[in-house]
Amino acid sequence: MKFFVLLIIAYLLGSIPSGVWVGKLFFKKDLRQFGSGNTGTTNTFRVLGKKAGIAVLLMDILKGTLATCLPLLFSLHVNPLVFGVAAVLGHTFPVFANFKGGKAVATSAGMLLAYNPAFFVYSALIFIIMLYITSMVSLTSMISAVLITLSTVILPFAIPAILPRFDWLLTLIALALTIFIFIRHKENIQRIKDGTESRVPFGLGSKK
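Residues numbered from 1 in each chain as written. Predicted model: local features only at pLDDT ≥ 70, side-chain atom pairs only at ≥ 80, totals over all residues. Heavy atoms only, no water.

Let's shift gears to the packing of helix α8 (residues 137–158) against helix α9 (residues 168–184). One way to put it is that α8 packs onto α9 with a least axis distance of 9 Å and a crossing angle of 165°. One finds that α8 runs roughly antiparallel with respect to α9. Taken as a pair, α8 and α9 cross one another with a handedness that is left-handed. Contacts from Ser141, Met142, Ala145, Val146, Thr149, Thr152 and Val153 in α8 reach Leu170, Thr171, Ala174, Leu175, Thr178, Ile181 and Phe182 in α9. Of the residues in the contact of α8 with α9, the class split is 9 nonpolar, 5 polar and no charged. (Axes fitted to C-alpha atoms, helices over the stretch in contact; angles between N-to-C directions. Helix = DSSP H or I, 4+ residues; strand = E, 2+ residues; numbered from the N terminus. Parallel < 35°, antiparallel > 145°, perpendicular 65-115°, else oblique. Left-handed = near helix turned anticlockwise from the far one by under 90°. Contact = heavy atoms within 4.5 Å. Nonpolar A, V, L, I, M, F, W, Y, C, P; charged D, E, K, R; others polar.)

Here we come to the packing of α8 against helix α10 (residues 186–194). Interaxial distance between α8 and α10 falls to 10 Å at its minimum, and their mutual angle equals 115°. Overall, the two elements α8 and α10 adopt an arrangement that is roughly perpendicular. Where α8 crosses over α10, the handedness of that crossing is left-handed. For the pair formed by α8 and α10, the contact residues are Ser138, Leu139 and Met142 on the first element and Asn188, Ile189 and Ile192 on the second.

Laid out in structure tokens, this is it:
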């Protein structure tokens, strides 16, 4: 019973529509009606600005972190990634926002932060480096997801200081999230092909 109650709580934590609430409360704007219509961090930056974007990013990461910590907080001996996934699903299909949410990247990062801080830092560095190279958040998210998934298999053998053991559930979840992230970015993929995808104003790609 405790497992299912905490699983629901994890989903509800993920369902908190940070971007929608910040937009409506402080800017009188519904993110779903501006920009890409997405409620995640990237569209928040574009529509509401840097401060709002940072706030939403931190909130979305925190959702994943808190949800993943639930079994530890309530002494439940279950792989915490299960609850992280529930939060990711809540973020993507939020019950508080008509099941239309973000693209799962920030909340997935929060899940990694709670699961293994060293691996979170490693993954964050991959994202930052790829963002500098591509200057596109969408392309960076997809490439990073692939590299992080591969790392869940390689690191336990190559650099165990970062990821001490191979966790098949972590790899399976990373693979599923990678596929999901590609699906959620299908419109971005088309814009990348057309050369019309938005770029951040820094990095190597922004100079092209």
